[in-house]
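A look at the structure
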Amino acid sequence: MHLFSRLAAVTAITLIGILIWDLNQERLEYPGRKVIIYASMFGPGEPMQVLYGGPAPATASRTPLGPGNRANFVALADAWPGHRGRIGAAWRTCAGRNWPADATPDAQLVADYRELAPGYVDKLVAALNDADRGNRLRLFDAFAQAHPQFDRRMILQFERLHPAWTVGLFEDFERRHPDYKVVPRWDSRWVLSANRPRFLTGTDVPDLITGSLAELRILYRENLAMPLDQPLPDAPVAAWRSQGILRGEKSYFDPSRTLADEFQPWALRQSLYRVAPEDVAESGNPFPAGTDVLYMLPRMVSTTVVFANKAHFRKVGLPFPPRTIAEFEEDCRKLRAAGIEPIANDGMDYTPYWWQWMVYREIGYEAFMATAMNMPGAKRFAGPGADPRYLEIARRLRGWRDRENFWMRDFSSSQWPAAQRRFGSGDCTFLFTGTWLPAEIAGTRSWDPDVMDLGCFVFPDMTGGSGRPGRMDVGTQGYVLCRQGRDPEGAVLLLRYLTAEAGELFARKLNYIPVTQGTPFPRVLADIEPAFSRAGPEDFVGLGVSWYAPRFNKFVLTETYNRFFVVLKDNLTPEQFVEELERRAQEHYARNGGTAK
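Please read all numbers here as calculations on a predicted model, not as lab measurements.

1. Section: the pattern of salt bridges
Under the criterion given, the structure shown has 39 salt bridges. Arg-153 is paired through a salt bridge with Glu-504; the nearest N and O atoms lie 3.0 Å apart. In this pair, Arg-153 is assigned in the loop between helix H8 (135–146) and helix H9 (154–161) and Glu-504 in helix H24 (residues 488–509), connecting sequence segments 351 residues apart. Since its relative accessible area comes to 33%, Arg-153 is described here as partly exposed. Residue classification places Glu-504 among the buried positions, given a relative accessible area of 18%. Within this structure, Asp-151, Asp-172, Arg-175 and Arg-176 form a network of salt bridges that share partners.

2. Regarding the packing of helix H10 (residues 169–176) against H24
One way to put it is that H10 packs onto H24 with a least axis distance of 11 Å and a crossing angle of 130°. In terms of axis orientation, H10 runs oblique to H24. As H10 packs across H24, the resulting crossing turns out to be right-handed. Residues Leu-169, Phe-170, Asp-172, Phe-173 and Arg-176 of H10 touch H24, and the partners they reach there are Leu-493, Leu-494, Tyr-497, Leu-498, Glu-501, Ala-502 and Leu-505. Looking at side-chain class alone, the contact of H10 with H24 contains 9 nonpolar, no polar and 3 charged residues.

3. Section: the layout of surface pockets
The volume enclosed by the largest pocket comes to roughly 1,600 Å³. Lining of the largest pocket is provided by 50 residues; of these, Ser-302, Tyr-353, Trp-436, Gly-475 and Gln-477 occupy positions nearest its centre. Contributions of two or more residues to the lining of the largest pocket are made by helix H3 (47–53), strand S6 (296–302), helix H19 (351–362), helix H22 (418–424), helix H23 (437–441), strand S11 (475–481), helix H26 (545–548) and helix H27 (550–564). Tallying contributions element by element places H19 first for the lining of the largest pocket, with 5 residues. Residues lining the lining of the largest pocket come from more than one domain, with at least three contributed by each of domain 2 (185–294 + 475–539) and domain 3 (304–473 + 544–591). Lining the second largest pocket are 31 residues, and of these Tyr-273, Arg-274, Leu-543, Trp-547 and Tyr-548 sit closest to its centre. At the level of elements, helix H12 (217–221), strand S4 (273–274), helix H16 (277–283), H26 and H27 are the ones that each hand at least two residues to the lining of the second largest pocket. A class-by-class count of the residues in the lining of the second largest pocket yields 18 nonpolar, 4 polar and 9 charged. Of the residues that make up the lining of the second largest pocket, three or more belong to each of domain 2 (185–294 + 475–539) and domain 3 (304–473 + 544–591).

4. Here we look at the domain arrangement of the protein chain
Bring the parts together and some accessible area is lost; that lost area is often taken as the interface size. In terms of domain boundaries, the protein chain breaks down into domain 1 (48–163), domain 2 (185–294 + 475–539) and domain 3 (304–473 + 544–591). Here domain 1 and domain 3 have C-alpha centroids that lie 47 Å from each other.

5. Remarks on the pairing of strand S7 (residues 304–309)
Burial runs high along S7: 6 of the 6 residues are buried. Alternating positions in S7 separate into two faces, Thr-304, Val-306 and Ala-308 on one and Val-305, Phe-307 and Asn-309 on the other, with burial throughout. Pairing analysis gives 5 bridges linking S7 to strand S9 (residues 428–434), with the strands arranged antiparallel. By the bridge assignment for S9, Val-306 is matched with Phe-432.

6. Remarks on empty space enclosed by the protein
Per the stated rule, a full pass over the model turns up 2 cavities of 30 Å³ or more. In this structure, the largest cavity spans a volume of roughly 140 Å³. Lining the largest cavity are 14 residues, with Asp-346, Tyr-350, Trp-416, Leu-431 and Thr-433 positioned closest to its centre. Among the residues forming the lining of the largest cavity, the class breakdown is 8 nonpolar, 3 polar and 3 charged. Of the volumes computed, that of the second largest cavity is approximately 80 Å³. Along the wall of the second largest cavity there are 13 residues; nearest its centre are Arg-299, Gly-503, Phe-506, Val-515 and Thr-516. Mapped onto the lining of the second largest cavity, the elements with two or more residues apiece are S6 and H24.

7. Considerations on the sheet that holds strand S3 (residues 208–212)
In spatial order, the strands read S2-S1-S3-S11-S6; together these 5 strands make up an open sheet with mixed pairing. The sheet terminates laterally at strand S2 (180–186) and S6, the two strands that pair on one side only. Along the sheet, successive strands turn relative to each other by an average axial angle of 20°, direction set aside. The pairing of strand S1 (residues 34–40) with S2 spans 7 bridges and is classified as parallel. Pairing of Val-35 across the sheet is with Lys-181, part of S2. Sheet strands touched by H10: S1 and S2. Its angle to S2, the strand with the most contacts, is close to 165°. Its contacts with the sheet place helix H11 (residues 191–201) against S1, S2 and S3, and it is angled at close to 145° to S3.

8. Regarding the sheet that holds S7
The sheet built from 4 strands is open, its strands ordered S8-S9-S7-S10 with mixed pairing. Of all the strands in the sheet, the pair left with one neighbour each is strand S8 (341–343) and strand S10 (454–457). Averaged over all pairs of adjacent strands, the angle between strand axes in this sheet comes to 25°, irrespective of strand direction. Note: S8 against S9, 2 bridges, orientation parallel. Looking at the pairing, Glu-341 lines up with Cys-428 of S9. Across the sheet, helix H18 (residues 325–337) is in contact with S8, S9 and S10; its angle to S8 comes to roughly 150°.

Definitions and cut-offs
- Residues numbered from 1 in each chain as written.
- Predicted model: local features only at pLDDT ≥ 70, side-chain atom pairs only at ≥ 80, totals over all residues.
- Heavy atoms only, no water.
- Salt bridge = Lys/Arg side-chain N within 4 Å of Asp/Glu carboxyl O.
- Helix = DSSP H or I, 4+ residues; strand = E, 2+ residues; numbered from the N terminus.
- Buried < 20%, exposed > 50% of the residue type's maximum accessible area, 1.4 Å probe, protein only.
- Axes fitted to C-alpha atoms, helices over the stretch in contact; angles between N-to-C directions.
- Parallel < 35°, antiparallel > 145°, perpendicular 65-115°, else oblique.
- Left-handed = near helix turned anticlockwise from the far one by under 90°.
- Contact = heavy atoms within 4.5 Å.
- Nonpolar A, V, L, I, M, F, W, Y, C, P; charged D, E, K, R; others polar.
- 1 Å grid on protein atoms, 1.4 Å probe; cavity = no way out; pocket = protein on both sides within 12 Å on 5 of 7 lines; lining within 4 Å.
- Points joined across faces, edges and corners; volume = space filled by probe spheres on them.
- Domains from an automatic or database assignment.
- Pairing = 2+ DSSP bridges.

Listed below in structure tokens is the structure:
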């Protein structure tokens, strides 16, 4: 038995040693460099991964202009006629055809190429017909050294003049800070579970971890994230101790501004986490319950909008957009009469949004939340003290489905992403979803403006409704600075850089709503830019039942709604829907001490 105990102890120690060694490999691989570990909610090959990390080596273009970018070849030759012969030869090799004699140079591209330093142009022309993929970063480094005037938009300017190449944000950061190495973990939607062993052992915990405000809240609750807007008494930087990181750190490019000054105020407000009593009692959160703390630095936001095909509006002769629910209904009727299916939808995905947003417009967000959370004096879904408008909305939506046929055929059996592909190909007019849609359908949608002309609008108002007109929801994604990370100063340096450099790339490349000051709104979302530009705190709804009452949302609201709207043999009628919603809500309150959780 004594020998067995010794063997077990040796085995345990060995396994622990192997685990710690394995978890430390990322830092051991880069001796002499300071490592920043970045754990991402996006996976390999996704557009966000390419934006941050650059292209996979095997997929990077071998030449800077590529075979089909005729405008760039022509403009480069016009800007530097002394190199015309070599540029023409490279064109014939890359494109497989003779020089385009009839081409008219793009005046702006010609001007941009003329701004390049002569020595750099020599390197660029030499690389036109060179099949070495390593030229991408070598030329980017040379381009940056030769053209400091592009410092604040270095990646965008380089990619405009080298259209076959992309450069990742981490690659540019390492160029600027060669003593650092960013090690990304592309953990996709499993970013928390993938890093859980590291949090438990305290070994190679990410310095930064990304995700949505809702997904990462376990880190705030368990005191595993550093607050960014609070003084940090034990911080290694004096300014953090007195002012916190958000106001103690300077803007990356402009030392007259703080990191806080870089953001839209509403983006910071929408990224706050309110400390709950259980956070203090059960998890030891150091802030009093009710305190709003910024644990996550926002990088982009999304909102729920009705995307619309403006080509259909022109075809049928409809004004865009519909401002009220009544106008929306009339548009759907006219579209249906013209042989166009109005609403694209995949089965249960996003279907509850229609009911919920009609409730927000007709009854009001706060009133709905009071009902869902069983607040004293709140109206109920059904029975004594019911607000009859819950039933009226259910009847109206069922009429859209059964009498009006507003939804696409067989929507109940449709599986994601079939509906958004049908919408993108011009089959349907409306799709109600988040503003991430343009990035998701970029590779499958029609780009013929007579087939698909993408527009969007905030969910229409209800004439005479109690809800505040035009209110929007905002879902925030961003960066969390982990308490157990090894290099908080390096991580904050990276955060400052990403805040300054990534905003325009998000808007231009991925069509995400920007959170930083002065960043142009993506053109594809221009229809809702005025709503954001004039929005105050009262123009945004809260995080809703999915945040404040997630079990109520899942087991009461969503499960009951799916029995009501998606076509089933035993569909609930509108009357049964509100009655079942109330019955299940009361059962839920009884199990959870009288309020929703």
